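# Examination of the molecular architecture
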Amino acid sequence: MSKNNLFRININKYMSSITCDKSLFYGCIEYQAELLGVKTGELLEVLNEKVKELLNSSNFAVRISHRNLSKVLLNGYFLNQYESKASDGGIYTPSYRKEIERDVLNIPLLLADEDRPIYGMCIPKDGSVGEYIENGPGSFLGANDGCLVVLNRNILPYTTFTLGDSLANYEYLRTAPVASPFFNGIYPDFYDKFSSIDELKEASLSDVFDTNNNYLELQIHGKSNHSSSIIDYVVFTKEPDEDLVSSLRCLNIPYVIVPSKEHTKKGI
């Protein structure tokens, strides 16, 4: 099939195709419920509510190198790895990733490359964001140069999530829509984290997603939703160069440097 005949994404149809796959995780939930002394249905209800809470109380963001952020600002778009032919600090495996996107994200293999997702993550809104950026999960992404783009909530209808890195944890989780979230599996180490149902209920984003590939991953679908207009502000952990600052100012995009320097009234 020629490139011109590849499918373009229909967001509404795609979102409605996503369902909960309990067969993937129900055994783990049954076992965990027994350990916590609760019924399986109660644990699932708590997990569903926890997912909603974490999405609602977090910022949506993309880790990216200073160099590639400059390209986004210049070109007006974020590129996925199929378009850029590279990965910004992650693993570049386009053919394998398409299989994972089919199995985990329910994306057809023949979807046009430009409509395939760009990837982000949830980050804390509170004062721990600087520590989370520098040392938290996914800190290896973006070439370790301290740059994170916070996205506006306009992306919500076009965004899905997985409770862990979808590439590293493909056997244990499936995607779900951010606009109507539900528990759909999680990275395997999660089940060892909490010794009581109350501890789980009180858990923060940093408690649940704290190491290695254990981050709350976001997938933003459709080329039209990859525009630089989805940027709300940028967080740096070291001083950006003058050219990058100039580009941000020309586009009226605020930025902050955490933890000590503030260059905008934008809150974190």
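Everything numeric in this text was worked out from a predicted model, so none of it was measured.

### A look at the overall build of the chain
Check the secondary structure of the chain and you find 10 helices and 9 strands. Each of the 268 residues in the chain was classed as buried or not, and the buried ones make up 50%. Contacts in the chain between residues far apart in sequence, at least 24 positions, make up 71% of those at least 6 positions apart. Working note: accessible area of the chain is about 12,800 Å², and carbon and sulfur atoms make up 48% of it.

### Observations regarding the pairing of strand 2 (residues 118-124)
Summarising burial for strand 2: 6 of the 7 residues are buried, a large majority. Pairing between strand 1 (residues 58-63) and strand 2: 4 bridges, direction antiparallel. Within the sheet, the bridge partner assigned to Phe 60 lies in strand 2 and is Cys 122. Pairing of strand 2 with strand 6 (residues 216-220) involves 4 bridges; the strand directions are antiparallel. Of the residues in strand 6, the one forming a bridge with Ile 118 is Ile 220.

### Observations regarding the environment of Lys 238
Relative to the assigned elements, Lys 238 resides in the loop between strand 7 (231-236) and helix 10 (242-250). We classify Lys 238 as partly exposed; its relative accessible area is 44%.

### Some words on the confidence of the model for the chain
Mean pLDDT over the chain: 88, with 88% of residues reaching 70 or higher. Note that pLDDT drops below 50 for residues 260-265; the model gives that stretch 10 contacts with residues more than four away or on any other chain.

### Regarding the pattern of salt bridges
Counting across every chain of the model gives 9 salt bridges. Salt-bridge contacts for Asp 113 lead to Lys 98; the nearest nitrogen and oxygen are separated by 3.0 Å. Residue Asp 113 is found in the loop between helix 6 (94-105) and strand 2, and its partner Lys 98 is found in helix 6; the two are separated by 15 residues along the sequence. Measuring nitrogen to oxygen at the nearest pair gives 2.8 Å for the salt bridge that ties Arg 102 to Asp 103. You can call Arg 102 partly exposed: its relative accessible area is 35%. Linked by salt bridges that have partners in common, Lys 98, Glu 101, Asp 113 and Arg 116 make up one network.

About the thresholds
Residues numbered from 1 in each chain as written. Predicted model: local features only at pLDDT ≥ 70, side-chain atom pairs only at ≥ 80, totals over all residues. Heavy atoms only, no water. Helix = DSSP H or I, 4+ residues; strand = E, 2+ residues; numbered from the N terminus. Buried < 20%, exposed > 50% of the residue type's maximum accessible area, 1.4 Å probe, protein only. Contact = heavy atoms within 4.5 Å. Areas by Shrake-Rupley, 256 points an atom, 1.4 Å probe, with all protein chains shown as cover. Pairing = 2+ DSSP bridges. pLDDT = per-residue confidence, 0-100. Salt bridge = Lys/Arg side-chain N within 4 Å of Asp/Glu carboxyl O.

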